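# Structural description and commentary
Below are the chains, spelled out letter by letter.
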Amino acid sequence: MNKGIYSIENTRQLAKNTFLTRLAGDTSAFCAPGQFINIALDGFFLRRPLSVCDWDGEGLTVIYKTVGKGTKALANLPAGTKLDVLTGLGNGFSVETSGLRPLLIGGGAGVPPLYGLAKRLIGKGARPVVILGFNTAEEVFFEKEFAALDCDVTVATVDGSYGKKGLVTDVLPQGTTYFYACGPEPMLKAVYDRADTSGQLSFERRMGCGFGACMGCTCRTKYGAKLICKDGPVLEKEAVVW
Amino acid sequence: MVDLSVSLGGIRLQNPVIPASGTFGFGHEFASYYDLNRLGAVCLKGTTLHPRFGNETPRIAEAPAGMINAVGLQNPGVDAVLQKEVPALRKVYAGPVIANIGGFSVEEYAACCEKADRCPGIDIIELNISCPNVHGGGMSFGASAKDAETVVKAVRKACRKPLFVKLSPNVTDIAEIARACEAAGADGISLINTLLAMRIDITKRKPVLANVTGGLSGPAVFPVALRMVWQVYKAVNIPIMGMGGVSCAEDAVEMLLAGATAVQVGAAGLKNPFACLEIIDGLPPLMEKLGVTKLSDLVGAAHQSY
């Protein structure tokens, strides 16, 4: 974990209620895709935890839905705003066990961390198959970005207004070697139930601190109580208890 | 050179700043962030006789200038704490350690404190009497002077180490309860625990917390905590650990002036993992500005003409 001051380089809208913000600053605390940051915002006591979409030597990208007052405030901050941010939080995804044809399944606001994951899987020679699920056409984002990485991308929308009609579990392909999933808990459960390979799932919980101090985000696992912020947010399929 | 040291029940602290129970795990988890030996003391996560998972999630809600938690005393049980957590902390930290003990019956409190008392790695015992009494209709032990006195008396018999009693602010007369604890043999008082609070999600029309209610902490409660420290200082002759929204060196000095000998820092440390260090570093320049060379001279100093 690092605590530092980060500067907003730019914020742009990607889809309905969905924004991308690029923050410039030290990224030395990151060691895996799927880790998250925790941003302090003026006027709010608790920090806002956001999964990291991607990072490089100069900064990082977050994509978030403006679901509450905090995320709305963040989306409205002008470029150049300085933010107090904790970085390199959580365990992130492990790319070691993916095999050559890993399946990446993202739902809505769970899509972003899979982008940084896809890049790193490709970097080690895998060819990811990506399924992105959204409610409706105006919420769809990052299809092109995944395609530009040379992933096989399928988009599914619940109302059928874009891509294939249905849930991510309605369009699961055959022949994949492993899976990574991030999205709402009902989606994670459905993926878990249908998966015929091993895999990793990234969970979301309301957090107090984000670094393992408050025990606010505890969940049950097959290996005892774990903290989503520190032991997670990524749990191996074999550890998950529903 | 300014002198930051204070004494709590005969235990010397190099400075009065302590991470509050339940906001710093068992300490050793944070040794990679900074040198724990810079702290005045470390207060361990609330520990009970038996392991507890705690409440269901969500356990955390936002509040104006603060937060509400309903963790529910998640801990691995006193045996695991004494056998694993305290030795792990002792590998990286040499200063005073405060064990925070919770319980749901007088017998449970006494048994748990007796174990902690025998552990050489623990210097002070802080008794959390805000837990519900399962034999008393679920009312908190800390809600009545009589129940507080009963539990403190029983624990006093079971332990020889300095015993601080952590009071609940959810009472009519905090001074009366503090006096009962002193009469029952407490060596000091810690206050305040969190204030009972809740939030409701207006779209779901449901309480935010799975437990419905939780405890409010953070800057929002600081003036309430300060007032209660003030009242308890007037009521008893034993030292006080003051807590409740302490976020900066100025807050710490204010707590000392109200009567606290040391301060615990909780919610501020959850927002900023370096809050305790920043408060410690902020004290010497603040003392210089205030013309103070010995910090302990400030304890209760605001009471002089009241």
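Computed from a predicted structure; not experimentally measured.

## Considering the state of the cysteines
Counted under the stated rule, the structure contains zero disulfides over all chains. In this structure Cys-209 of chain A is not part of a disulfide, and its nearest cysteine sulfur, from Cys-214 of chain A, lies 3.9 Å away. The exposure class of Cys-209 of chain A is buried, given its relative accessible area of 1%. Cys-112 of chain B carries a free sulfur, and the closest cysteine sulfur to it, the one in Cys-113 of chain B, is 6.1 Å from it. You can call Cys-112 of chain B buried: its relative accessible area is 0%.

## Considerations on the nonpolar core
Membership of the largest hydrophobic core comes to 151 residues, with the highest contact counts inside it found for Ile-129, Leu-167, Cys-181 and Leu-191 of chain B. With eight residues, helix α8 (residues 275-290) of chain B is the largest single contributor of residues to this core. Of the residues that make up this core, three or more belong to each of domain 1 (2-89) and domain 2 (102-239) of chain A. Those residues within four positions of Ile-129 of chain B in sequence are excluded, and the remaining contacts are Tyr-109, Ser-140, Phe-141, Gly-142, Ala-148, Val-151, Val-165, Lys-166, Leu-167 and Cys-181 of chain B. Membership of the second largest hydrophobic core comes to 28 residues, among which are Phe-93, Val-111, Leu-114 and Ala-126 of chain A.

## Description of the packing of aromatic side chains
A complete count under the given rule lists 18 aromatic pairs over all chains for this structure. Ring geometry for Phe-93 of chain A versus Tyr-180 of chain A: centroids 5.5 Å apart, planes at 90 degrees, classification edge-to-face. One end of the pair, Phe-93 of chain A, is in the loop between β6 (82-89) and β7 (102-107); the other, Tyr-180 of chain A, is in strand β11 (residues 178-182), and 87 residues separate them in sequence. Across the pair, exposure class does not vary: Phe-93 of chain A and Tyr-180 of chain A are buried alike. Arranged with centres 5.7 Å apart and planes meeting at 45 degrees, the rings of Phe-203 of chain A and Trp-242 of chain A form a pair that is tilted. In this pair, Phe-203 of chain A sits in the loop between β12 (199-202) and β13 (218-221) while Trp-242 of chain A sits in the segment after β15 (234-236), placing the two residues 39 residues apart along the sequence. Judged by relative accessible area, Trp-242 of chain A falls into the partly exposed class, the value being 37%. An aromatic cluster is present here, built from Tyr-115, Phe-134, Phe-141, Phe-142 and Phe-146 of chain A joined pairwise through their rings. It is Arg-120 of chain A that lies over the ring of Trp-55 of chain A; its NZ or CZ is 3.7 Å from the centre. In this structure, Arg-220 of chain A packs its charged tip against the face of Phe-53 of chain B, placed 3.8 Å from the ring centre.

## Side note on the packing of helix α1 (residues 78-90) of chain B against helix α2 (residues 106-118) of chain B
Packed helices, taken two at a time, are described by the angle their axes make and the gap between the axes. Residue and element names in this part refer to chain B. The geometry of α1 relative to α2 is characterised by a closest axis approach of 10 Å and an angle of 10 degrees between their N-to-C directions. When the interaxial angle is binned, α1 and α2 end up roughly parallel. In terms of crossing hand, the pair formed by α1 and α2 is right-handed. Of the residues in α2, those touching α1 at Val-78, Asp-79 and Leu-82 are Cys-112, Lys-115 and Ala-116. Looking at the contact of α1 with α2 residue by residue, the class counts come to four nonpolar, no polar and two charged.

## Here we look at the sheet that holds strand β8 (residues 124-128) of chain B
Within a beta sheet, neighbouring strands are joined by backbone hydrogen bonds and run either parallel or antiparallel to one another. All names here are of chain B. Pairing is parallel in the open sheet, where eight strands are placed in the order β3-β16-β15-β10-β9-β8-β7-β4. Of all strands in the sheet, those bounded by a partner on one side alone are β3 (17-19) and β4 (42-43). In terms of strand pairing, strand β7 (residues 97-101) meets β8 through four bridges, oriented parallel. When the bridges of β8 are listed, Ile-101 appears paired with Leu-127. Of the strands in this sheet, β10 (188-191) and β15 (240-243) are in contact with helix α5 (residues 222-235), which crosses β15 at around 165 degrees. α8 rests against β3 and β16 (262-265) of the sheet, and its axis sits at about 175 degrees to β3.

Each value, and the rule that gives it
Residues numbered from 1 in each chain as written. Chains lettered and ligands numbered in written order. Predicted model: local features only at pLDDT ≥ 70, side-chain atom pairs only at ≥ 80, totals over all residues. Heavy atoms only, no water. Disulfide = S-S within 2.5 Å. Buried < 20%, exposed > 50% of the residue type's maximum accessible area, 1.4 Å probe, protein only. Core = buried A, V, L, I, M, F, W, Y, C linked by side-chain atoms within 4.5 Å. Helix = DSSP H or I, 4+ residues; strand = E, 2+ residues; numbered from the N terminus. Domains from an automatic or database assignment. Contact = heavy atoms within 4.5 Å. Phe/Tyr/Trp six-rings, centres within 6.5 Å; stacked < 30°, edge-to-face > 60°. Lys NZ or Arg CZ within 6 Å of the ring centre and 35° of its normal. Axes fitted to C-alpha atoms, helices over the stretch in contact; angles between N-to-C directions. Parallel < 35°, antiparallel > 145°, perpendicular 65-115°, else oblique. Left-handed = near helix turned anticlockwise from the far one by under 90°. Nonpolar A, V, L, I, M, F, W, Y, C, P; charged D, E, K, R; others polar. Pairing = 2+ DSSP bridges.

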